[in-house]
Amino acid sequence: MKNQLKTAIYPGSFDPITFGHLDIIKRAAKLFDRFVVAVAHDTKKTTLFHIDERVRLAQLEIQKLHDIKNIEVKPFQGLLVNFVKSEGASVIARGLRGVSDFEYEFQMSYINHKLAPNTTTILFPATANTHYISSSSVKEIARLNGRLDGLVSTEIADELKRRFSEV
Ligand code: PNS
């Protein structure tokens, strides 16, 4: 892989992007030449935000990371391994918040490796400050009018409030 840019793909639903995601992104992006935050069109979950909104909100947050220049945000459709290949990457980066994530992440890494043996998943443990943050809990707190300080940015919190006031 000499003289070739090392690209990592960080896939997820990002519905919406949280401080947990951003913590992983900031630490992981430093280890690669190119770091692509890949927003999945096809996820098992029903999303609150449309794919275009999830991409826009992720871009909004990434633009704030002035000192990190190698991050891109891209949507992808279909199988993750096909997107990874199309980006010339072989590394899939994922965060690991705790034991409850373990089974799911392991299974996904096995499946992706089976589908594309050249890909390797690297799991990044969440830090103590962010390991309890999930997009689903953030959405529930927003839906029930709770405070989102320390979980998502004010812009994302405002988007969530707006979205739930429309329902
Ligand atoms: O943030 P999430 O919801 O845990 O991310 C899951 C995601 C989007 C990475 C996963 O559902 C995915 O890779 N979807 C694309 C379709 C695919 O490749 N599925 C097979 C892998 S199990």
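Residues numbered from 1 in each chain as written. Predicted model: local features only at pLDDT ≥ 70, side-chain atom pairs only at ≥ 80, totals over all residues. Heavy atoms only, no water.

Draft legend 1. Layout of the pairing of strand 4 (residues 91-96). Taking burial as the measure, the six residues of strand 4 include six buried ones, the bulk of the element. Alternating positions in strand 4 separate into two faces, V91, A93 and G95 on one and I92, R94 and L96 on the other, with burial throughout. In this structure, strand 1 (residues 7-12) lies alongside strand 4, joined through two bridges in parallel fashion. Across the sheet, residue I9 finds its bridge partner in strand 4, namely I92. Two strands pair when backbone bridges link them, and strand 4 and strand 5 (residues 120-125) are joined in this way by six bridges, in the parallel orientation. Following the sheet pairing, G95 is matched in strand 5 by F124. In terms of handedness, the path from strand 4 via helix 4 (residues 99-115) over to strand 5 forms a crossover that is right-handed. (Buried < 20%, exposed > 50% of the residue type's maximum accessible area, 1.4 Å probe, protein only. Helix = DSSP H or I, 4+ residues; strand = E, 2+ residues; numbered from the N terminus. Pairing = 2+ DSSP bridges. Right-handed = clockwise from strand over helix to strand, strands pointing away.)

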